[in-house]
Each structure stands twice: as C-alpha cells, then as structure tokens.
Amino acid sequence: RARLSLTPSRCSGVGLALCRRLLEEDGRIHLCIACRNEQKSEATRELLLAAYPAAQVSTVDVDLGNLASVLRAARELRCRFQRLDFVYLNAGIMPNPHVNFKALWHGLLTGKLLHMLTTAEGIMTQTDRLNGDGLQEVFATNLFGHFMLVRQLQSLLCGQEKPSRLIWTSSSNARESAFSLSDYQHAKGQESYSSSKYATDLTSVVLNRKFNGQGLYSSVVCPGLVMSNMTYGILPVFLWKLLMPIMWLIRFFAKTYTLTPYNGAEAHVWLFKQKPEYLDALVKYHSCTTGLGRCYVEPRKMDVDEDIAEKLYQKLLDLEEQTLEKYHDLLD
C-alpha cells in the first residue's frame with residue numbers, strides 16, 4: 001500500500017511528526033516524503049529509517065510554489081506508484097509575519113484576548129509577493145500547488161479498489177473575512193495566510209462533491225498552535241523563550257495550544273484510522289491537548305459558503321488550464 005505524505009519544505013515540524021506517527025500506526029505502509037530540498041528530505045528519510053529499520057520510506061522532490069516542479073513530481077509519482085491511499089497536503093508558508101501589538105492590547109481590554117490568541121484574528125499580517133509563475137506566493141504554495149498536484153494524481157486516487165484520502169492542513173486562522181472571491185490570490189490584502197487556508201477549506205468541500213462517487217474523499221485538519229519553524233519566525237527567539245511558560249499555562253484554557261509537533265499531528269493520525277464514508281465533509285478536525293497533555297480530536301463545523309466554494313473551484317480550474325498550456329511539454 002502506497003501512502004504519500006507531503007511535508008513542509010524543511011521536512012520538519014508537524015510533517016516529520018506525522019511521518020513518525022504514521023509508521024508507529026502501521027509499519028507496513030510505504031511512506032513517500034515530498035520536500036523541496038533534496039538533502040533535507042534524504043536526511044529525514046535516514047532519520048526515519050534509523051528509528052524504523054523495516055519501514056518503506058522513499059522521497060520525491062517537489063516545490064509546491066513552483067508549478068513546473070509540481071508537474072514533474074506528479075509525472076514521477078505516476079511512474080512509481082499504481083495507487084495512493086493517502087495524500088497529506090501539509091506544505092505551507094507564512095512570509096514576513098507581523099504582530100499587531102496594539103490589537104493585542106485592545107483584545108485584552110475588551111475581553112477578546114483568548115479568542116485572538118487561539119485564532120490570530122486581527123493580530124497577524126503578512127507581506128506577500130509574486131513567485132516565478134506570476135502568482136501570489138502564499139496562494140501558490142499553500143493552495144494552488146497542492147490543487148495542481150491532486151489533479152495530476154487523479155488516476156492514482158480515483159476509481160481504486162479502496163477509497164483514497166486527501167488530508168489538508170488548514171488552520172483556525174482560516175477566516176471568511178480575509179477571503180475575497182474577486183481577489184482569491186489575496187494580492188490586495190495583508191492576511192494572505194488566512195485567505196489561503198479559508199480557500200483550502202472551500203476547495204476540500206467541492207472536491208468531495210466532485211469525487212466521492214469515484215472513491216476519493218477530502219478532509220481538513222487544524223494542528224492547533226504548534227511551535228515550529230513557521231511559528232518561531234513570528235517573533236524573535238528570545239521572546240519565545242520568555243513566553244513559553246505562559247504558553248503552557250494558556251493551554252489550560254485554550255485546548256488548541258497543542259505546542260508540540262507530535263500533538264499537532266493528532267487529527268492527521270486520527271483521520272488515518274477513520275472510514276471516510278462516515279465523515280462530514282463540512283467539518284474541520286482540530287488537534288487539541290488538555291492542560292495536562294492528553295491529546296484528542298475535536299470536530300468543528302466549518303463556516304463555508306458552498307456557492308462561493310463552487311465559484312472558487314471554477315477559478316482554480318481556469319488557472320489550471322492556463323498552467324497546463326504554459327507547461328504542456330511536462331505533460332505525458
């Protein structure tokens with residue numbers, strides 16, 4: 001059985017923890033790690049094999065922010081595998097994050113601080129830029145690169161003997177207020193991360209409508225607040241060291257403060273063990289941790305407009321068509 005796990009570009013954080021936990025759950029799987037850095041992906045493979053010597057672990061090079069790289073990786077995967085049971089869509093970036101300390105102070109005065117700390121609503125902004133394909137970098141990496149990969153791997157995912165699964169890493173920061181259909185790449189705003197994650201939720205909903213009948217099921221998860229390379233980029237390291245005792249205390253009141261990558265992967269692993277036919281396509285599965293460190297999964301209904309989801313999906317298909325015309329030489 002082949003199961004593909006797409007990990008973040010640094011092959012670390014929740015992605016690495018997920019690989020370890022999947023091998024703990026089922027040592028018979030073939031785990032394929034997808035990273036943009038060949039040396040780091042190979043180092044991750046060796047790390048996993050050192051802990052699980054009998055495991056089947058392979059790698060594939062892919063930069064989700066580079067569409068030519070996505071098409072090349074998909075072509076390679078079609079050659080190497082006959083089917084894929086699980087695809088974990090976990091790569092993501094948050095470039096140039098900024099914290100609005102004035103908003104934090106206002107949240108403290110108005111009693112909304114805990115909500116803001118658990119969703120980053122109103123306190124996190126990013127400065128995005130165009131990538132080499134002329135797309136907004138966050139949109140391309142967090143959503144469209146994944147979408148293109150899924151579309152290119154349809155033959156390995158649909159019409160198989162057993163259901164196949166897509167599991168997207170979303171966020172509690174995915175908010176409708178940050179997303180605009182007329183600016184779905186979020187070129188004009190400062191909350192590109194939130195916009196891309198809300199677009200991820202919308203896309204998953206439509207994928208279920210289109211492909212459940214062909215045996216492909218899509219789910220979204222939120223790992224909670226995990227201390228990872230992305231998180232450490234928000235504030236200077238010395239500030240995080242000062243804040244960590246407070247973070248552990250907050251977890252008694254904010255269950256989504258999972259803090260460790262192992263805890264953050266809880267919902268990903270939980271979905272690995274579920275029958276997809278019984279899951280709700282409009283639910284996001286949140287990794288949670290109690291103040292004393294017990295991990296569990298909490299399903300929460302997503303705030304998505306299904307009509308907007310359909311319209312976004314069509315825009316993604318139009319963009320896909322333009323991409324395939326541009327890179328027709330990379331197609332079979």
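Note that this is a predicted model, so its numbers are computed, not measured.

Asker: Just to check I follow, could you spell out the overall build of the protein for this structure?
Answerer: Across its full length, the protein carries 13 helices and ten strands. Counting all 332 residues of the protein, 56% fall into the buried class. Partitioning the intrachain contacts of the protein with sequence separation of at least 6 by distance along the chain shows that 74% fall at a separation of at least 24. Total accessible area on the protein stands at roughly 14,900 Å², and carbon and sulfur atoms take up 53% of it.

Asker: I tried to follow unusual backbone geometry on my own but got confused; where do I start?
Answerer: Most peptide bonds adopt trans geometry, and most residues besides glycine take a negative phi value. In this structure, His186 is a non-glycine residue whose phi angle is positive, near 60°. With respect to the helices, strands and loops of the structure, His186 is situated in the loop between strand 7 (164-169) and helix 8 (192-211). Given a relative accessible area of 8%, His186 falls into the buried group.

Asker: Looking at this model, I keep getting lost on the pattern of salt bridges. Mind explaining?
Answerer: Any two side chains of opposite charge can pair if their charged atoms end up close together. Per the counting criterion, the structure on display carries 18 salt bridges. Between Arg80 and Glu76 there is a salt bridge, and its shortest N-O distance comes to 2.8 Å. On the criterion of helical spacing, the pair formed by Arg80 and Glu76 is a turn pair, its members being four residues apart in helix 3 (residues 67-80). You can call Arg80 partly exposed: its relative accessible area is 33%. In this structure Glu76 comes out as partly exposed when scored by relative accessible area, which is 34%. The salt bridge involving Arg209 is made with Glu310; its shortest N-O contact spans 2.7 Å.

Asker: For this particular structure, what's the right way to read the packing of helix 1 (residues 13-25) against helix 2 (residues 38-51)?
Answerer: Two quantities define a packed helix pair, namely the angle between the helix axes and the distance between the axes. The contact between helix 1 and helix 2 brings their axes to 11 Å, and the two run at 35°. Regarding helix 1 and helix 2, the two cross each other, and that crossing is right-handed. Contacts between helix 1 and helix 2 involve Leu16, Cys19, Arg20 and Leu23 from the former and Thr44, Leu47 and Leu48 from the latter. Looking at side-chain class alone, the contact of helix 1 with helix 2 contains five nonpolar, one polar and one charged residues.

Asker: How should helix 13 (residues 306-326) be read in this particular structure?
Answerer: For an α-helix the count is 3.6 residues per turn, leaving residues at separations of three or four pointing the same way. The first and last C-alpha atoms of helix 13 sit 30 Å apart over 21 residues, in line with the 30 Å expected at 1.5 Å per residue. When helix 13 is considered as a whole, its buried residues turn out to be Ala309, Leu312, Tyr313, Leu316, Leu317, Leu319, Glu320 and Thr323. Next to the buried residues of helix 13 lie helix 3, helix 6 (137-152) and helix 8. Structurally, the start of helix 13 carries an N-cap: the backbone nitrogen of Asp307 is 2.9 Å from a side-chain oxygen of Asp305.

Asker: Please explain helix 3 as it appears in this structure.
Answerer: Spanning 14 residues, helix 3 covers 20 Å between terminal C-alpha atoms, matching the ideal 20 Å at 1.5 Å per step. Taken as a whole, helix 3 has its buried residues at Leu67, Ala68, Ser69, Val70, Leu71, Ala73, Ala74, Leu77 and Arg78. A distance of 3.1 Å separates the backbone nitrogen of Ala68 from a side-chain oxygen at the start of helix 3, and that oxygen is part of Asn66.

Asker: I'm lost on the packing of helix 3 against helix 6 in this one. Help?
Answerer: The geometry of helix 3 relative to helix 6 is characterised by a closest axis approach of 9 Å and an angle of 30° between their N-to-C directions. By the angle between their directions, the pair helix 3 and helix 6 is classed as roughly parallel. The element helix 3 and its partner helix 6 pack so that their crossing is right-handed. Where helix 3 approaches helix 6, its residues Leu67, Val70, Leu71, Ala74 and Arg78 are matched on the opposing element by Phe144, Gly145, Met148, Leu149 and Gln152. Its residues assigned to classes, the contact of helix 3 with helix 6 shows seven nonpolar, two polar and one charged.

Asker: Would you take a moment to explain the side chain of Asn131 for this structure?
Answerer: As for its position among the elements, Asn131 is in the loop between strand 6 (124-125) and helix 6. By relative accessible area, which is 14% here, Asn131 ends up buried. A distance of 2.9 Å separates the side chain of Asn131 from the backbone oxygen of Gly65, its partner in a polar contact. Among residues more than four places away in sequence, those in contact with Asn131 are Gly65, Glu137 and Ala140.

Asker: How should the pairing of strand 2 (residues 30-35) be read in this particular structure?
Answerer: Every regular strand shows the same layout, with side chains that alternate between the two sheet faces. Summarising burial for strand 2: five of the six residues are buried, a large majority. Two strands pair when backbone bridges link them, and strand 2 and strand 3 (residues 56-61) are joined in this way by six bridges, in the parallel orientation. Looking across to strand 3, one finds that Ile33 is bridged to Thr59.

Asker: What am I meant to see in a nonpolar patch on the surface here?
Answerer: A surface patch of nonpolar side chains, about 550 Å² in accessible area, is lined by Leu249, Phe252, Phe253 and Leu292. Tracing the backbone shows Leu249 in helix 10 (residues 237-250). The exposure class assigned to Leu249 is exposed, which follows from its relative accessible area of 55%.

Asker: It is not clear to me how the pairing of strand 7 should be interpreted in this structure. Could you clarify?
Answerer: Counting buried positions along strand 7 yields six of six residues, so the element is predominantly enclosed. Residues of strand 7 alternate between two faces, with Ser164, Leu166 and Trp168 on one and Arg165, Ile167 and Thr169 on the opposite face, all of them buried. Of the strand pairs in this sheet, strand 4 (residues 86-89) and strand 7 are connected by four bridges, and their pairing is parallel. Residue Tyr88 lies in a different strand from strand 7, and its bridge partner there is Ile167. Pairing of strand 7 with strand 8 (residues 216-222), which is carried by six bridges, proceeds in the parallel orientation. Residue pairing across strands places Ile167 opposite Ser219, the latter belonging to strand 8. For the crossover from strand 7 across helix 8 to strand 8, the handedness is right-handed.

Reading the values: the criteria
Residues numbered from 1 in each chain as written. Predicted model: local features only at pLDDT ≥ 70, side-chain atom pairs only at ≥ 80, totals over all residues. Heavy atoms only, no water. Helix = DSSP H or I, 4+ residues; strand = E, 2+ residues; numbered from the N terminus. Buried < 20%, exposed > 50% of the residue type's maximum accessible area, 1.4 Å probe, protein only. Contact = heavy atoms within 4.5 Å. Areas by Shrake-Rupley, 256 points an atom, 1.4 Å probe, with all protein chains shown as cover. Salt bridge = Lys/Arg side-chain N within 4 Å of Asp/Glu carboxyl O. Axes fitted to C-alpha atoms, helices over the stretch in contact; angles between N-to-C directions. Left-handed = near helix turned anticlockwise from the far one by under 90°. Nonpolar A, V, L, I, M, F, W, Y, C, P; charged D, E, K, R; others polar. Expected span 1.5 Å × (residues − 1). Polar contact = N/O pair within 3.5 Å; in protein donor to acceptor, adjacent residues only side chain to side chain. Parallel < 35°, antiparallel > 145°, perpendicular 65-115°, else oblique. Pairing = 2+ DSSP bridges. Patch = residues over 30% accessible without salt bridge, like charges linked within 9 Å, V, L, I, M, F, W, Y side chains within 5 Å. Right-handed = clockwise from strand over helix to strand, strands pointing away.

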